[in-house]
Structure formats: C-alpha cells, structure tokens
Amino acid sequence: MKVGEFEVDVERKKIKNMHLSVYPPEGRVHLSVPEHMTDWDISTFLFSKLGWIRKQFKEIKSQPRQTEREFVTGESHYLFGNRYLLQIIPDMHPGITLTTNFMEMHESKKQTRAERAAMLFSYYRNELNTELEKMMTRWLPIVCPDMEGIRWEIDMVLRRWGQCYQSQKRVVFSLLLARVPRRCIEYVVVHELTHFHVREHDDNFTHLLDTHLPDWRARRQELDNIIALALPEK
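Residues numbered from 1 in each chain as written. Predicted model: local features only at pLDDT ≥ 70, side-chain atom pairs only at ≥ 80, totals over all residues. Heavy atoms only, no water.

Take the nonpolar core next. Counting residues in each nonpolar core, the largest one holds 51 residues, and the members touching the most others are Leu128, Phe173, Ile185, Val189 and Leu193. The dominant element in this core, judged by the number of residues it contributes, is helix α3 (residues 113-143), at 13 residues. Beyond its immediate sequence surroundings of up to four residues, Leu128 is in contact with Phe80, Ile154, Ser174, Leu175, Leu177, Ala178 and Ile185. Core analysis: the next-biggest nonpolar cluster, separate from the first, contains 16 residues, Phe6, Leu20, Val33 and Ile53 among them. (Core = buried A, V, L, I, M, F, W, Y, C linked by side-chain atoms within 4.5 Å. Buried < 20%, exposed > 50% of the residue type's maximum accessible area, 1.4 Å probe, protein only. Helix = DSSP H or I, 4+ residues; strand = E, 2+ residues; numbered from the N terminus. Contact = heavy atoms within 4.5 Å.)

So, on to the sheet that holds strand β9 (residues 151-155). Strands sit in the order β9-β11-β10 across an open sheet of three strands; the sheet is mixed. Each of the sheet's edge strands pairs with one partner strand only, and the pair in question is β9 and β10 (162-165). Taken over all neighbouring pairs, the strand axes of this sheet differ in orientation by 20° on average, direction set aside. Where β10 meets strand β11 (residues 170-174), four bridges bridge the pair, whose relative direction is antiparallel. In the strand pairing of β11, Gln163 is matched with Val172. Strands in contact with α3 are β9 and β11; relative to β9, the strand with the most contacts, it is inclined by about 155°. (Pairing = 2+ DSSP bridges. Axes fitted to C-alpha atoms, helices over the stretch in contact; angles between N-to-C directions.)

For the largest pocket, the calculated volume is near 990 Å³. Lining the largest pocket are 32 residues, and of these Glu7, Arg28, Arg160, His191 and His201 sit closest to its centre. Elements with a contribution of two residues or more to the lining of the largest pocket: β2 (6-13), β4 (28-34), α2 (50-62), β10, α4 (182-194) and α6 (216-224). The element that contributes the greatest number of residues to the lining of the largest pocket is α4, accounting for four residues. (1 Å grid on protein atoms, 1.4 Å probe; cavity = no way out; pocket = protein on both sides within 12 Å on 5 of 7 lines; lining within 4 Å. Points joined across faces, edges and corners; volume = space filled by probe spheres on them.)

So, in structure tokens, the structure goes:
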C-alpha cells in the first residue's frame, strides 16, 4: 500500500491494535493490522502517521553506517554472515582464500585500496553467483513453474537487496547479499520471484510467501537487522 512517497508492507494478523514500524537499514515501512480492518481505515491511519514515518526514515538514513573499509590486515569482512579478519599476504599467485577465521588476500605486488576492493568484490560476485545459481534452480520451478526465460544478474550498486522487472522477465540482486546469511539470500530470491505473480506487497503476495517460505518473516527480520556496508561506485 502506498502512502506519500513510501511503499508500506501491510500484514493482517490476529491482533487487537495496529503496529507501525520503520526498519533499518533502508527504511522499510511495515504495518501490522487486525484482520477485520478495511483498506480505507488502513489508508486513513497511514496518512495520519505520514509525518512520523518521514521522521523515522530521516533518522535511519542519518545513522552512521559501518565505517568505510580500508582493506588492510586486521579488518573485519563478512561472507554469507560469517565474520573473517582480513590478512594481506604477498604471493606470486593473487587471489582470496578462506580459513576458519581469516580471509587471506594474496597479492603479487602491493595494491592500492581500490585494487584490493576490486579483488574482494570480484570474489564476492563469484561466490554469490554460485549460491544464486543453486537457489534460482531450486525455486524457479516452484514459484514460477509456468514461466520461461526468466533471467537474473548481480549489480554492485543496487540500493535494494533485489529488484524484479516483470515485463523484462529479469531479476537483479545486490552484490551486498554476499555478506548476509544464506537463509536471508533465499528469502530475497523467493520474494523477488513472487513479484512475477503479484506486483504489490498485498494479501495475495503475503499468502504466496506463506505458502512457499513459511518462516519468511523471521528471515526478513534478520535481514532488516543487518547494517549493510555501502559499496563504492564503479
């Protein structure tokens, strides 16, 4: 449901009162309402709270994000929700390898910050591509069994976790997903595929998510609690 400049996720539940929330890191707006409430009553309530929503959204956007990475030894980096300490290692064979606690970046010569960032993002893209390939192969026949030709890609500057383009039969995923747990990535995959059937986040959309991924709310909450590190421009 739309209110002002915001898209609101409205969820009908067996509750007595409405609960309105604005979640970090992107300022997603969610409203839980009693099952009996009409769309008119919901719209009226949301418009009465538009000023509050804008205030919360502004505060979230003004919060400091994780400090910009310098790509030096001892710095923390994440892959699929796991934290690793970066180690820069001189080596004739450049590349990135993982141990239990460390992300080892092997470089044949001392690299600049931008060069190290490019190496890590390339590694992220390859790792995320492998995971998405498996998840899309699994979920496409389940969520979109009658649709052919759906394509997907990874974008390093996408400001959402994912974006569905129905008319193009295309899904775009953020490279930042490489940093979050696999169960959260799977939620984003199912969420975006569901948009091929329902454009809005309405009751039909929620019903389909409930059918395919019953614990999607817990996965979404986990994703909402992740403070994403913004990627530099290409």
